[in-house]
Amino acid sequence: MTLDLFSDPDGCVERLSLGPGASVLRGRALPHADALFAEVCALERHSPFRRMTTAGGHTMSMASTNCGSLGWISDRNGYHYGAIDPETRAPWPPMPALFAHLARDTALEAGFPEFEPDACLINRYLPGAKLSLHQDRDERDFGAPIVTVSLGMDAVFLFGGHVRADKTVRVPLRHGDVVVWGGEDRLRYHGVMAVPDHPHPLLGRQRISLTFRKAG
Ligand SMILES: O=C(O)CCC(=O)C(=O)O
Ligand SMILES: [Mn+2]
């Protein structure tokens, strides 16, 4: 891991490199955190959080919802993207402009110009919830990067290699941090360790992540 500092219009953001195409932009979303959380609260009134099941019949420990023209879905048929929320039977709510701008700007700052996400998966982790090591490979084209914004309680992001058994680095993620990975790092295994119960001043006992992808 290497550390460097770069300037952006909001000031100086600490950037941690996890690989040639993978960076953590420390605190990059902080100026927008209150507005991002307010958008999540509005979105969940339209398409509520739910704990999805896997093809194997397990219930995921975090709860999820989506916004954007495509939503990521896990059910007994496996993982896939769809335009319709299976719970509400209505389209997923549109992606707020703030979300799309932040995803595009942070992708650019991490070296990926012209990122136009069509899907935002919103995960809610209560204390103890986790996400096991996996690759994001349900998208049509791996040319676009992935951008994840963290809000609320601290978590440890695991970032591995191209094989599940590869060694992982543990990256502490805090409220307002953004992780971008693409290019040769696009298919690296990653996950989230069980989230400790340390309430956050704004979000309380939860961690929310916004994961932007170009799915279709
Ligand atoms: O919650 C996170 O930080 C990562 C989410 C993720 O990797 C996923 O939903 O595929
Ligand atoms: Mn993932």
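Let us look at the structure shown here.

The subject of this paragraph is the packing of aromatic side chains. Across all of its chains, the model carries five aromatic pairs by this definition. Arranged with centres 5.9 Å apart and planes meeting at 90 degrees, the rings of Phe-99 and Phe-212 form a pair that is edge-to-face. Taken together, the residues span a long stretch of sequence, with Phe-99 in helix α2 (residues 97–109) and Phe-212 in strand β14 (residues 207–213) at a distance of 113 residues. The buried category is assigned to Phe-99, whose relative accessible area is 0%. Using a relative accessible area of 0% as the deciding quantity, one classes Phe-212 as buried. Ring plane angle 25 degrees and centroid distance 5.9 Å describe the contact between Phe-157 and Phe-159, whose orientation is recorded as stacked. On the accessibility criterion, Phe-157 (5% relative accessible area) is buried. Here the aromatic cluster, defined as three or more aromatic residues joined through ring pairs, consists of Phe-157, Phe-159 and Trp-181.

Close contacts around ligand 1 come from 13 residues, with Asn-123, Tyr-125, His-190, Arg-207 and Ser-209 the closest. Within the side chain of Tyr-125, a nitrogen or oxygen atom sits 2.6 Å from an oxygen atom of ligand 1. When isolated, ligand 1 has an accessible area of 290 Å², and the protein chains bury 96% of it. For the shell around ligand 1, the secondary-structure elements that each account for two or more residues are β7 (119–125), β8 (131–134), β13 (190–192) and β14. At four residues, the largest contribution of residues to the shell around ligand 1 is made by β14.

To continue, consider the environment of Tyr-79. Of note, Tyr-79 is situated in strand β6 (residues 78–82). What Tyr-79 contacts, discounting residues up to four positions off in sequence, is Trp-72, Ile-73, Ser-74 and Asp-138.

Attention now goes to the nonpolar core. With 32 residues, the main nonpolar core has Phe-99, Ile-122, Ile-208, Leu-210 and Phe-212 as its most contacted residues. Contributions of two or more residues to this core are made by α1 (33–46), β4 (63–67), α2, β7, β9 (146–152), β12 (178–181) and β14. Look past the residues within four positions of Phe-212 in its chain and what remains in contact with it is Met-95, Phe-99, Ala-103, Phe-115, Pro-117, Ala-119, Cys-120, Pro-145, Ile-146, Val-147 and Val-149. Of all hydrophobic cores here, the second largest spans 26 residues; its members include Leu-16, Val-24, Tyr-125 and Val-171.

Moving on, we get to the coordination of the manganese ion (ligand 2). Of the protein atoms, only His-134 (NE2), Asp-136 (OD) and His-190 (NE2) coordinate the manganese ion (ligand 2), at distances of 2.1 to 2.2 Å. Its relative accessible area of 5% is what places Asp-136 among the buried residues.

This brings us to the side chain of Arg-124. Relative to the helices and strands, Arg-124 is located in strand β7. By relative accessible area, Arg-124 is classed as buried at 18%. Engagement of the side chain of Arg-124 in a polar contact is seen with the side chain of Glu-44, the distance being 3.1 Å.

Before going further, it helps to spend a moment on the packing of α1 against α2. The interhelical angle for the contact between α1 and α2, taken along N-to-C directions, is 130 degrees, at an axis separation of 10 Å. When the axes of α1 and α2 are compared, the pair comes out oblique. α1 and α2 meet at a crossing whose hand is left-handed. On α2, the residues touching Ala-35, Leu-36, Glu-39, Val-40 and Leu-43 of α1 are Leu-98, Phe-99 and Leu-102. Class assignment of the residues belonging to the contact of α1 with α2 gives a composition of seven nonpolar, no polar and one charged.

What counts and how
Residues numbered from 1 in each chain as written. Chains lettered and ligands numbered in written order. Predicted model: local features only at pLDDT ≥ 70, side-chain atom pairs only at ≥ 80, totals over all residues. Heavy atoms only, no water. Phe/Tyr/Trp six-rings, centres within 6.5 Å; stacked < 30°, edge-to-face > 60°. Helix = DSSP H or I, 4+ residues; strand = E, 2+ residues; numbered from the N terminus. Buried < 20%, exposed > 50% of the residue type's maximum accessible area, 1.4 Å probe, protein only. Near = heavy atom within 4 Å. Polar contact = N/O pair within 3.5 Å; in protein donor to acceptor, adjacent residues only side chain to side chain. Areas by Shrake-Rupley, 256 points an atom, 1.4 Å probe, with all protein chains shown as cover. Contact = heavy atoms within 4.5 Å. Core = buried A, V, L, I, M, F, W, Y, C linked by side-chain atoms within 4.5 Å. Donors = N, O, S within 2.8 Å, 3.2 Å for Na, K, Ca; no water. Axes fitted to C-alpha atoms, helices over the stretch in contact; angles between N-to-C directions. Parallel < 35°, antiparallel > 145°, perpendicular 65-115°, else oblique. Left-handed = near helix turned anticlockwise from the far one by under 90°. Nonpolar A, V, L, I, M, F, W, Y, C, P; charged D, E, K, R; others polar.

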